[in-house]
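Reading the structure
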Amino acid sequence: MRRSLPTALVVVVGLLLLLDFVVVNPSLAALAGTLLEYIVLIAAAAAITGALALGLRQVGLLRHGGEARSGPLLVLGGMAVMLIAGFYPGSSGATDPAVRWLVAALLMPLVAALFGLLFFFLLGAAQRGLRLRSRETTVMLLAACAALVLLLPLGGIVGAWLAGASSWALAVPIGGVFRGLLIGIAIATAISAARILLAVDGASDD
Amino acid sequence: MTEATPEGDPQIESEVKESEAGPMRRRAPASLRSRAGWPVLAPFALLALLAVAVVLPNLAPPLSLANPDRTAVTGFRAALGTLPDDPLVLVAFDADFGTYPEISYATRSALAELADSGASLAFVSYSPEGRALAAAELDRLQRSGVPADRLLDLGYRSGVEAGLVQSVTSIVPEAASGPLAGRVRAQGGGIDAFDAALIVGGSDLGPRIWIEQVATRIPQLPLVAIAPTVLRPELEPYLASGQLEGLLGTLRDGVAYGGDNGTAPDRPPSALAMLLGMLVGIGVLVEAAGGRLAAALSSLPGRRR
Amino acid sequence: MNGFFAGDLAGIAGTTVGALVTIGVWSYLAGERRVFGWAQHLLAGLATGYLVLISLREVLIPRLVQPLLADPTANLVLWPAVLLVAAMIAARWLPRGVVAVPVALLIAGTAAFALGGAVVGTLLPQLAASLLPAGANPGGLIDALVGLVVTALVVVAFLHGTRSGRLGAAAAGTGRWLLVGGLGGWLGFLLVSRLALLVERLRFILVDWLGLGR
């Protein structure tokens, strides 16, 4: 296993942050606070790194691309419009009316419309999944069907009964399944994180 | 029981090829074309049906989008009811664009109720989408008449869990000014300066991360959440264990809450449209799963004879 | 989205643009790929631009650039951060060994918080909550018992690599079917969630934009 400075950094910084979680010590807290500040700043820088990579890729496509130039132009145009709205002299950034207008008139409707389409796609995927893996998918779809019935927006006696049954299903069988899932995921997460922090399998090696 | 396998089925092979080609290279989703009971016009017929239902007023009393079981609403209101006078509430706004329309009714009702009760609200976000929505909601609250000195914009914090953990001890930006920012600084400047946190979830950075990173460091802070229906099953164990003190986790609970407190600024979604859409969904699933189930039952050894 | 626009000209324009964008995305249902593709590209550009905007204006400028410009000697602890941030931003052009340092800090933070949060925030409280409640009525006790059995079987299925013997295999198999059923229930919730969005979008177009049924 290759040991290197990044691996050592992962181990030392990770264990220090973990220690700060379980031990109350002002010096340790100050050191952990500084490291946290670095991580927060690096995370913001990572967002810019990603945007740079996307922007450069689109510029490359524009230069060498053939007919399909509308896509890169829209990506770059979208980025430019948002940045101009957020950085023009006197702009207040994310709270600026121009930015808020772009978000409410373009960003939100785009994503919400895509998510709305998912209702059709989910139903289509359910049908296709049935052909690929029938027994599990049949059980899954019947359970989905039962959940849909329990969530029907009905009033009166039937609605009250369905609502009660829905609450019970959420609390007992579905709640039990998801508690088991959460416990399983927590165990898996803890093991993976511990292996990284102890550099057991060189996951963080350079 | 004989199980269908992908191999050798030309229909499935063509679907796999289509899915490998990616959505951009397809004309339309395979399921929407005239196969397997999904004629090409079905989505448009459903859209038309829903459109009529949306425009029509809610006709019949048997329809009720508000959940008749008020357990969630009572729990949510009880959690907020324990707040002291002139409470300071942190609104952790990390909804996403895709699911916010579903929880906007409940969120706006809760914000209106808190504002009416004299609470001061500080907004913070740990996701970009949450930040955009928080800025829009802050503007809406100011336009609706909530005094500016009772609202505080704490902005966006990067770093996901790291940003959240940092906020435990320091949440007010250097540039923040005003009486509310001063009040938070005077009480320590971190999340524990607040009387409660209302988590508006939807993205990955939702109530679960708050429970894992904040509740473990400030166990006395009451956490209440508003989340889309899709997160409801995942959050049930946290609600049952008491780690989450209140949760509005379905559209029906949100509508019940907004209808009960009478402060909902919007009209609730159409119950008729939801009912029709759900019935169509049930129909499609029953047709799909029921057909497979019937085929499986008929192929049982006893039935073959 | 309704509620985010005032009744002025910008609000009317915003509502119109939002409605047209929605119709453009939904044109995919009719097999119209081009408009859908444009919408996807525009979304990527706007979202990336917004991410850069808030990362710069709400994090890097106020917390790194401004303090150092205001008093470079009073914030010595921020100078290493300048190097780390520069290494991250210029990752494309720097040697891998240099970029690995800020990345290592990110990994360390993620792993440490994931470990602490998973164990103290989820694992221990959920194990405790699985136990049967003392003093519960018979109905509550039966529910708790059913929940406990379901949870235990799902955990066994989840950790199936550690099972041993026929009993363990049978438990893991049962747990797997419960898991499939639970995920099916979740699919039902997911469908309702997506349907609510579809209905909201329709309401936006018909009521907020076209003014029908107000």
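In short, a report on the structure. (Residues numbered from 1 in each chain as written. Chains lettered and ligands numbered in written order. Predicted model: local features only at pLDDT ≥ 70, side-chain atom pairs only at ≥ 80, totals over all residues.)

Another aspect to go through is the interface of chain A and chain B. Of the residues lining the interface, 53 residues belong to chain A; the matching set on chain B comes to 60 residues. Of all the secondary-structure elements, those providing two or more residues to the side of chain A that touches chain B are α2 (26-64), α4 (97-132), α5 (134-150) and α6 (156-197) of chain A. Looking at the side of chain A that touches chain B element by element, the count peaks at 19 residues for α4 of chain A. Per-class residue counts for the side of chain A that touches chain B are 37 nonpolar, eleven polar and five charged. (Contact = placed C-beta atoms within 7 Å. Helix = DSSP H or I, 4+ residues; strand = E, 2+ residues; numbered from the N terminus. Nonpolar A, V, L, I, M, F, W, Y, C, P; charged D, E, K, R; others polar.)

Bringing helix α3 (residues 71-81) of chain B into the picture now. Quick reminder: α-helices carry 3.6 residues per turn. Residues three or four places apart thus point the same way. All names here are of chain B. Buried within α3 we find A72, V73, F76 and L80. Buried residues in α3, looked at end-on, bunch into an arc of 100°, giving them a common side. Those residues of α3 that are exposed and angled more than 90 degrees off the buried face are A78 and G81. (Buried ≥ 20, exposed ≤ 12 C-beta atoms within 10 Å, placed from the backbone. Arc of directions from axis to C-beta.)

With that settled, the discussion passes to the sheet that holds strand β6 (residues 246-248) of chain B. Picture the strands of a sheet paired through backbone hydrogen bonds; they go either parallel or antiparallel. Residues and elements named next belong to chain B. Spatial ordering of the open sheet is given by β3-β2-β1-β4-β5-β6, a layout of six strands whose pairing is parallel. At either margin of the open sheet sits one strand with a lone partner, and together these are β3 (151-156) and β6. In this sheet, adjacent strand axes meet at a mean angle of 15° when their direction is disregarded. For strand β1 (residues 88-93) and strand β2 (residues 120-125), the ladder comprises five bridges, and the chain directions are parallel. Residue pairing in the sheet places A92 in a bridge with V124 of β2. Sitting on the sheet, α3 touches β5 (223-226) and β6, and the angle it makes with β6 is about 130°. (Pairing = 2+ DSSP bridges. Axes fitted to C-alpha atoms, helices over the stretch in contact; angles between N-to-C directions.)

It is worth spelling out the interface of chain C and chain A at this point. The partner chain A presents 95 residues to the 96 residues of chain C that form the contact. Mapped onto the side of chain C that touches chain A, the elements with two or more residues apiece are α1 (9-26), α2 (33-70), α3 (79-89), α4 (96-130), α5 (138-158) and α6 (165-209) of chain C. Of the residues that constitute the side of chain C that touches chain A, the class distribution is 67 nonpolar, 22 polar and seven charged.

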